[in-house]
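Architecture at a glance
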Number of protein chains: 2
Amino acid sequence: MEDPPPTPATPATPATPAFPGTSAPPAAPAGPAAPAGLTAPAAPTGSAATLHDVAREAGVSIATASRALNGSARNVRAENVARVRAAAAKLDYEPHLSAQAIAKGSTRTVALVVRDVADPYFSTIAAGVTQAATEAGLIVTMAVADGSPERELEIVRTLRGQRPRIIIVTGSRIEGTTTRDALIEELTQYRTAGGRVVLISQRDLPFGTVTIDDRGGSAALARALLARGYRRFAVFHAAPSLRTSRDRHEGFLSGLDGSGAPAPLAFETGFTRDGGHEAARRLVGRGMGDVEAVFAVNDVMAIGAMTAFREAGLIPGRDIGVAGFDDIAPAVDVLPALTSVAVPLREAGLTAMRLALSTDDPTAHHPLPAQVTLRSSTPHRPTP
Amino acid sequence: MEDPPPTPATPATPATPAFPGTSAPPAAPAGPAAPAGLTAPAAPTGSAATLHDVAREAGVSIATASRALNGSARNVRAENVARVRAAAAKLDYEPHLSAQAIAKGSTRTVALVVRDVADPYFSTIAAGVTQAATEAGLIVTMAVADGSPERELEIVRTLRGQRPRIIIVTGSRIEGTTTRDALIEELTQYRTAGGRVVLISQRDLPFGTVTIDDRGGSAALARALLARGYRRFAVFHAAPSLRTSRDRHEGFLSGLDGSGAPAPLAFETGFTRDGGHEAARRLVGRGMGDVEAVFAVNDVMAIGAMTAFREAGLIPGRDIGVAGFDDIAPAVDVLPALTSVAVPLREAGLTAMRLALSTDDPTAHHPLPAQVTLRSSTPHRPTP
DNA sequence: CAAACTGCGGAATACGTTTTCCCATGGCGT
DNA sequence: ACGCCATGGGAAAACGTATTCCGCAGTTTG
């Protein structure tokens, strides 16, 4: 059910390419870069060929040159087309996109604002967006909000100056701030000006939205663990203001509903590896009780927890089941391999672009399924 | 060890954020998106406020409005500035970047071409570039070459149309193709037109270049392992046409030079986790001989190898030392923690931008040091 | 055979800015 | 008083392209 050449259906391949070397003596590389002036870019001096040049070279008018190169509604005699093409090639002409944008009144740009490119979560989404954009002949410009709502607002504002066809924002997770309202206002403004906006992993906003089914995935995970014989759980979650964490937590609980399993212990901690580690230590410290498995609301927390358990003399997968969420690449390399739920990140990026390009209701919401992936960190429990 | 709010200096944090939910019933999320028309973006219909509007609203001329908002060399009476500002705010005016670009004759854009955004290697570099660009008030547009030289060439070509101030390309690794020559030609062209080009992890090209010291890092790793008592090695490497692999391999050998250690066994395999796994199986299959440690030219290979060893009944870090390269996040989470050499990826992105913005020699080469990080996968060998 | 039509080239205009040039005003020195 | 300079506003000319409109062939139609 996947497109063959371009899109890897599952981002399962943990390949990590890398690169060539240096030209300095291997032993003594230069220091971390002399802090060159980081603020004042020099303006380009030389100049590129213009359509005017091409027209002159080809011995035709600018209008004809334009028509020949971009094939408008009007026709141009074959001979002239050839001459213009030749001239363009000779002069290495490349149309000035800004000029085109201004003449045509529209750009071929999609603006993508993410929270952090270095984060695999967002970079995978970005990959999906970029792929779809390229297929549609669009150029993507990217901005990083760094988790700051103010920065995000500022970005969207200046982005509007680019007059992109589409704005896609992923990573905003602010709840009910005035900054948030301003953002909505800004985006609405943009849309009434003819732009198209799509949000990723956002909810209940009057824009096109693609979401990932955190609740459903967690619920399914809970059911899968029940099926493997686990009944007594602990949940490691982050602050409830963190929407993702809350959704996954609640989803897990709802999956347990009606099973008769006791309410899980809940440990609030950081959304990071160290958070998971810390929560696990706390759990061990207070006595494991009869907890059979822990669900951490993301994989890095789960992995941190596994390490902590091991440090306490417990072997994950044998003495205690562990499950995470996200299905990040190392989940399969860790020992034991981590049960998790895979989220279709790239697919989310693709879908966002599709939504933006479609002519349908521009405020449609589009949920993407998350898929539970059972591994040896949660083996079947021996039936007593 | 975690980033406070904004920019983590070291990309060491393995955090994997995630996100909110869905609006559909958790159990039955919709399929993978109706394939909406993916080719014909609709042109924006409504229109945004223009400088003309602002001027009229403020009761001044366009020239004054322009000067008031962007503060040129000329002064504007305070009262008029205030009125223009107010009008701009009221109309939600945002200057049309394309129009500005065309009027000023230069953009504030930096074009970044990477091989694959989803790859942490490149996305981390991209993060560095983006950060530096933002600090310099520049906008970054990103294109993905997907490892295809032709695509890369095409991208650079159309990129020229954007008239960016700077082009940064990372990921090109083609050797001596005619496509490669065309790329060089294209970039040269761009530079003579006033643009600035910086390459990352490329060598011996007449452009600004920042490289990562693969050879030096590998050599240092070799020496560090010697110091821990290892003398007999195997090297898992990829095809020598892969520059990175070759550099790291050769660097490792040069680090062994003069130590009297025997020449390592060499195993050629894929540059991936499975490649490492396969090579390790081969090594085990032929009998380990007296190999004491293996150096895999990247971390995922090393991690794959560890798993393979374990499957063969050997415990990594006890029965066999394992070291990798890149120091990817999971290196520290894997069991045992993996010895590796850290590459300053984000720093590479930052440096590239600095190079581009500096007024120095535009073809300067800038090597970045790689740092060996010893962990428990290569403990001290008991001195016999 | 005149009239209408088609095909295509070019001049001119538009797009939204910045910037140059010109002009009006007012303060100052002599 | 008179010229000068400083200050700041506005008209207009760029910037590089797309497009509208006009005009000139050449061709079809009645």
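Here, every reference points to the structure presented above.
A brief look at the structure comes next. (Residues numbered from 1 in each chain as written. Chains lettered and ligands numbered in written order. Predicted model: local features only at pLDDT ≥ 70, side-chain atom pairs only at ≥ 80, totals over all residues. Heavy atoms only, no water.)

Some details on the overall build of chain A
Operational definition: Here a helix means four or more residues in a row that DSSP labels H or I, a strand means two or more in a row labelled E, and each is numbered from the N terminus. Using a 1.4 Å probe on the protein chains alone, a residue whose accessible area is under 20% of its type maximum counts as buried, one over 50% counts as exposed, and one in between counts as partly exposed.
Helix and strand counts for chain A come out as 12 helices and 12 strands. Burial status across chain A gives 55% buried among its 384 residues.

Here we look at the protein's contact with DNA strand D
We apply this condition: Residues are counted as near a molecule or strand when any one of their heavy atoms sits within 4 Å of it. The term polar contact refers here to a pair of N or O atoms within 3.5 Å; inside protein, the definition further demands a hydrogen-donor-capable atom paired with an acceptor-capable atom, and it admits residues adjacent in sequence only when both atoms are side-chain atoms. In this count, Pro and Cys sit with the nonpolar residues alongside Ala, Val, Leu, Ile, Met, Phe, Trp and Tyr, while Asp, Glu, Lys and Arg are called charged and the others, Gly among them, polar.
Around DNA strand D sit 27 residues, and of these Thr50(A), Leu51(A), Ser66(A), Arg74(B) and Asn80(B) come closest. Within 4 Å of the protein, the contacting atoms of DNA strand D are drawn from sugar and phosphate to the extent of 56%. Here Arg67(B) contributes a side-chain N or O atom positioned 2.8 Å from a base nitrogen of DNA strand D. Take Asn75(B): an N or O atom from its side chain is 3.4 Å from a phosphate oxygen of DNA strand D. Mapped onto the surface near DNA strand D, the elements with two or more residues apiece are helix H2 (62-70) and helix H4 (97-104) of chain A together with helix H2 (62-70) and helix H4 (97-104) of chain B. The element that contributes the greatest number of residues to the surface near DNA strand D is H4(A), accounting for five residues. Across the surface near DNA strand D, the residue classes break down as 12 nonpolar, nine polar and six charged.

What about the sheet that holds strand S8 (residues 293-296) of chain A?
Residue and element names in this part refer to chain A. Basically, it comes down to this: If DSSP finds at least two bridges between two strands, the strands pair. The angle between two axes is taken between their N-to-C directions and runs from 0 to 180 degrees, where each axis is a line fitted to C-alpha atoms and a helix contributes only its stretch in contact. Here, residues are in contact when the closest pair of their heavy atoms is within 4.5 Å.
Taking strand neighbours across the sheet as the criterion, the four strands line up as S7-S6-S8-S9 in an open arrangement whose pairing is parallel. Each of the sheet's edge strands pairs with one partner strand only, and the pair in question is strand S7 (265-268) and strand S9 (321-323). Pairwise comparison of adjacent strand axes, ignoring direction, gives a mean angle of 20 degrees for this sheet. Across four bridges, the pairing between strand S6 (residues 233-237) and S8 is parallel. Residue pairing in the sheet places Phe236 in a bridge with Ala296 of S8. The strands touched by helix H9 (residues 243-256) are S6, S7 and S8; relative to S6, the strand with the most contacts, the crossing angle is about 165 degrees.

Here we look at the sheet that holds strand S7 (residues 265-268) of chain B
Residue and element names in this part refer to chain B. Across the sheet, which stays open at both edges, the four strands sit in the order S7-S6-S8-S9 with parallel pairing between neighbours. Where the open sheet ends on each side, the last strands, each with one partner, are S7 and strand S9 (321-323). Along the sheet, successive strands turn relative to each other by an average axial angle of 20 degrees, direction set aside. Bridge count between strand S8 (residues 293-296) and S9: three bridges; the pairing is parallel.

Quick look at helix H11 (residues 299-311) of chain A
Quick reminder: α-helices carry 3.6 residues per turn. Residues three or four places apart thus point the same way. All names here are of chain A. For clarity, the cut-off: Each helix should span, by expectation, one fewer than its residue count multiplied by 1.5 Å.
Its 13 residues give H11 an end-to-end C-alpha distance of 18 Å, which sits within 8% of 18 Å, the value for a rise of 1.5 Å per residue. Most of H11 sits inside the fold, with 10 of its 13 residues counted as buried. Inspection of H11 places Asp299, Val300, Met301, Ala302, Ile303, Gly304, Ala305, Met306, Ala308 and Phe309 among the buried residues, and these make up the whole buried set. Looking at the buried residues of H11, the elements they touch are S6, helix H10 (273-285), S8, S9 and strand S10 (340-342). Among the residues of H11, the N-terminal cap falls to Asn298, whose side-chain oxygen and the backbone nitrogen of Val300 are separated by 3.2 Å. Phi turns positive, to about 90 degrees, at Gly313, one or two residues after H11.

Some thoughts on the packing of helix H6 (residues 149-160) of chain B against helix H7 (residues 178-192) of chain B
Residue and element names in this part refer to chain B. What counts is decided by this rule: Should an angle lie under 35 degrees it is considered roughly parallel, over 145 roughly antiparallel, and from 65 to 115 roughly perpendicular; all remaining angles are considered oblique. We call a crossing left-handed when the near helix sits turned anticlockwise from the far one by less than a right angle, and right-handed when that turn is clockwise.
Closest axis-to-axis distance for the H6/H7 pair is 9 Å, and the angle between their directions is 15 degrees. Judged by the angle between their axes, H6 and H7 are roughly parallel. Between H6 and H7 lies a crossing whose hand is left-handed. Contacts from Pro149, Glu150, Glu152, Leu153, Val156, Arg157 and Arg160 of H6 reach H7 at Thr179, Ala182, Leu183, Glu186, Leu187, Gln189 and Tyr190. Of the residues assigned to the contact of H6 with H7, the class counts are seven nonpolar, two polar and five charged.

A look at the packing of aromatic side chains
All names here are of chain A. For clarity, the threshold we go by: Between the rings of Phe, Tyr and Trp (Trp by its six-membered ring), a pair exists once the centres lie within 6.5 Å; its type follows the angle of the planes, with under 30 degrees stacked, over 60 edge-to-face, and the other angles tilted.
Taken as a whole, this structure holds eight aromatic pairs over all chains when the rule is applied. The interplanar angle of 15 degrees and the centroid separation of 4.6 Å between the aromatic rings of Phe252 and Phe295 together place this pair among those described as stacked. On the criterion of sequence distance, the pair formed by Phe252 in helix H9 and Phe295 in strand S8 is long-range, its members being 43 residues apart. You'll find Phe252 and Phe295 in the same group, each marked buried.

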